[in-house]
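Spelled out from the first residue to the last, the chains are:
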Amino acid sequence: MVMRGAVESGFPLLGVAVLAFLCCMRGGQTQDDSGSGGIPGTMPPHLIFILADDQGYGDVGYHGSDIHTPVLDQLAGEGVKLENYYVQPICSPSRSQLMTGRYQIHTGLQHSIIRARQPLCLPPDAPTLAERLQEAGYSTHMVGKWHLGFCRPGCLPTGRGFQSFLGSLTGSGDHFSYQSCDQAEACGFDLHDGDRPAWEMSGNYSTTLYIERVKKILRAHDPRKPLFLYLALQAVHTPLQAPNHFLQRYSALDNRPRRHYAAMVSCVDEGVGALVQELRTRGLYQNSVLVYSSDNGGQPLSGGCNWPLRGGKGTYWEGGVRAVGFVHSPLLKRKGKVSKALIHVSDWYPTLLSLAGAPEKDRGQLDGHNVWGAISQGLPCPRTEILFNIDPVSRRPGEADSRTLALNGFGIWDTALRAAIRAGDWKLLTGNVGDGDWVPPQTLPGGPHQWQGMEKRRDQRGKSVWLFNITADPYERSDLADARPEVVKILLARLAEYNQTAVPPRNPPDDHMADPQLHGGVWTPWLGEEGSEGSEGSGEGGKGKGKSSKMRHCKVCKLKALFKKVGSRMQRSSLFF
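Residues numbered from 1 in each chain as written. Predicted model: local features only at pLDDT ≥ 70, side-chain atom pairs only at ≥ 80, totals over all residues. Heavy atoms only, no water.

Caption draft 1: Fine view of the overall build of the chain. Secondary structure assignment for the chain yields 14 helices and 18 strands. Counting only residues that meet the buried cut, the chain has 59% of its 577 residues in that class. For the chain, the computed accessible surface area is about 22200 Å², with 53% contributed by carbon and sulfur atoms. (Helix = DSSP H or I, 4+ residues; strand = E, 2+ residues; numbered from the N terminus. Buried < 20%, exposed > 50% of the residue type's maximum accessible area, 1.4 Å probe, protein only. Areas by Shrake-Rupley, 256 points an atom, 1.4 Å probe, with all protein chains shown as cover.)

If you want it as structure tokens, here you go:
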């Protein structure tokens, strides 16, 4: 399925014509053939999903990296490498689409990440992958980074389908102390075991701690019941920290960020090996499907490498959205293969549910496709296009002029809006899509001439629309927007069609009642449940709406929040005098 019900009336007029035109140009197929609705057997497979944080496309051994990843290389080599696989350019969007199978424009999460103090989380009317799998009889466990909002108890992983959770709620934090800061004025402890702060675990390195919890889960699991294990590693996100024995492996690297980053990747590699060995030891391996993915591209300023792709984390260039990904499973019909099927992170939702034998309850609401047939058997992939995003909040006041709609957008689309789409071989970008530099490995940060010799973008100044044939030009070096205006028009029209189905973006301001200093120094839910006594509205905006009665009457807490807010602003102002 390409379009949701709200646009079905327009889809036959333009959507089918678009796909037929673009697929004809590439000789592809558009049929929706997933190959298999599940795996035959006495029990559905155990599903293991490993999500690395900020691992660059060039930061795995089988992509020619200087980082040693023997475990990942072997698992990928024995499975199916996904070499036309896409995610989102930043954390929360990738995670939300994995958990819901829906594009950002259909969950209201079009703009940026979910910040720690935002009264915002996954919409409750979008069932999560964990909720659906639990309904299908799975044991569901999460270990690692959530980053999908936690303003209310119901937003926590344990409120969205996971029976157990050990990990962090915010977007980043110290890998040893688990202190996490939202800007300078709001810092707190962020390691939770279920719904309680796990103070006693502080001091353990995050990757090591999470792998040990995974092993504990596997040892305790009843092999007669299917398991869904979601391991969302905090590595290799900043701060760049790793145990000394991993750092020593890269002592010859003069580039300090790269050395620490490489050590973190190696720790991840070793941890994945320990996980797979535990699967074997517990007799779970033969009936398991393991998916490995990064959540977005690497950040070159922080040691990551996406070379030879263009751009990096936070951008819609290939280096920001094309990810390391593979599937490893004894249940694959073809092994040791490289798949060029077009796959998106939203596809894991219907794919894994199909493997689990879960009934199709919400297919009409999904943007993801069941791609198991394409991965396991090499069948034609049902996905022919990806909407990366349409962010209406991205355009700053006064940024647009008449040219972005009338001229650059052919009267179809305001190209000042940040948006990106891929259809067939073609990829279109509009608006401010992020830094489009190419960063070769040898120019990563590390010296006084750290950026000398870096390839600079030459096609971004004064532009608001780009077109690339990604199959022929995966490194986005040849902009064809001027040469192929007919393709530009078609893809602009597709953006306009998708935009008709978008829900309003939910981007509430920060709530200072979320400050950890008001909650014992811990990042924790600060609002009551929706519909409960003393709670009203969605908690996403408004003046004090959604507070529990306890928080609503805590005048001391409110005064503390006010004084802290004023004090932090005065402190920042003093820096300029």
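Caption draft 2: Structural detail: the state of the cysteines. Per the counting criterion, the structure on display carries 2 disulfides. Two residues, C121 and C155, share a disulfide whose sulfurs are 2.1 Å apart. Taken together, the residues C121 in the loop between helix 3 (91–100) and helix 4 (129–135) and C155 in the loop between strand 4 (139–145) and strand 5 (164–168) connect sequence positions 34 residues apart. We classify C121 as buried; its relative accessible area is 9%. Paired through a disulfide, C181 and C187 show a sulfur-sulfur distance of 1.9 Å. Looking down the S-S bond of the C181 and C187 bridge, the torsion is 115 degrees, so its handedness is right-handed. (Disulfide = S-S within 2.5 Å.)

Caption draft 3: How the structure looks around the sheet that holds strand 4. The mixed open sheet is built from 10 strands, whose spatial order is 9-8-5-4-10-1-11-12-2-13. The sheet is open, and its two borders are formed by strand 9 (196–197) and strand 13 (337–339), each paired with just one other strand. Running over the sheet, helix 2 (residues 70–78) touches strand 2 (80–82), strand 11 (288–294) and strand 12 (325–328) and is turned about 65 degrees from strand 12. Most of the contacts of helix 7 (residues 256–281) go to strand 11, to which it runs at about 170 degrees, and overall it touches strand 1 (46–52), strand 10 (227–232) and strand 11. (Pairing = 2+ DSSP bridges. Contact = heavy atoms within 4.5 Å. Axes fitted to C-alpha atoms, helices over the stretch in contact; angles between N-to-C directions.)

Caption draft 4: Broad picture of unusual backbone geometry. Cis peptide bonds are those with omega within 30 degrees of zero, and the linkage from T238 to P239 qualifies with 0 degrees. Tracing the sequence through the fold places P239 in the loop between strand 10 and helix 6 (244–247). Note the cis peptide between W307 and P308, where omega equals 10 degrees. If you check the backbone angles, D54 has positive phi at about 70 degrees while not being a glycine. If you trace the backbone, D54 turns up in the loop between strand 1 and helix 2. Of note, E476 is a non-glycine position whose phi angle comes to about 55 degrees, a positive value. As for its placement among the helices and strands, E476 is situated in the loop between strand 18 (465–469) and helix 12 (485–500). Given the relative accessible area of 0%, E476 is considered buried.

Caption draft 5: Geometry of the side chain of D295. With respect to the element layout, D295 can be found in the loop between strand 11 and helix 8 (318–321). Discounting residues that sit within four places of it in the chain, D295 has contacts with L51, A52, D53, D54, V87, Q88, I90, C91, S94 and R95.

Caption draft 6: Fine view of the nonpolar core. Counting 60 residues, the largest nonpolar core has F49, F228, Y230, V327, W348 and I375 as the members making the most contacts within it. Secondary structure elements with two or more residues in this core: strand 1, strand 2, helix 3, helix 4, strand 10, strand 11, helix 9 (348–355) and helix 10 (372–376). With 5 residues, helix 9 is the largest single contributor of residues to this core. Residues contacting W348, with those up to four places away along its chain left out, are F49, L82, Y85, L98, V291, V327 and I375. I67, L75, V143 and L233 belong to the second largest nonpolar core, which has 52 residues in total. (Core = buried A, V, L, I, M, F, W, Y, C linked by side-chain atoms within 4.5 Å.)

Caption draft 7: Highlighting the pattern of salt bridges. Applying the stated criterion across every chain yields a total of 29 salt bridges. Here R196 ties to D193 by a salt bridge, and the two come within 3.7 Å at their closest N and O atoms. E385 is the partner of R494 in a salt bridge, and the nearest nitrogen-oxygen pair spans 2.4 Å. Placement of R494 in helix 12 and of E385 in strand 15 (residues 385–391) is noted, with a sequence separation of 109 residues between them. Judged on exposure class, the residue R494 and its partner E385 are both buried. Salt bridges linked by common partners bring R115, R117, D182, E185 and D510 together as one network. (Salt bridge = Lys/Arg side-chain N within 4 Å of Asp/Glu carboxyl O.)

Caption draft 8: Structural context of the pairing of strand 4. With 7 of its 7 residues buried, strand 4 lies for the most part within the structure. Taken together, the 5 bridges between strand 4 and strand 5 define a ladder with parallel strand orientation. Note on strand 5: the bridge partner recorded for H141 is S164.

Caption draft 9: Inspection of the sheet that holds strand 16 (residues 418–423) at higher detail. Within the open sheet, the 4 strands sit side by side as 15-16-17-18. Their pairing is antiparallel. Strands with a single pairing partner mark the edges of an open sheet, and in this sheet they are strand 15 and strand 18. Adjacent strand axes in the sheet meet at a mean angle of 10 degrees, parallel and antiparallel pairs treated alike. Where helix 12 meets the sheet, its contacts fall on strand 15, strand 16, strand 17 (426–430) and strand 18, and the angle it forms with strand 17 comes to roughly 65 degrees.

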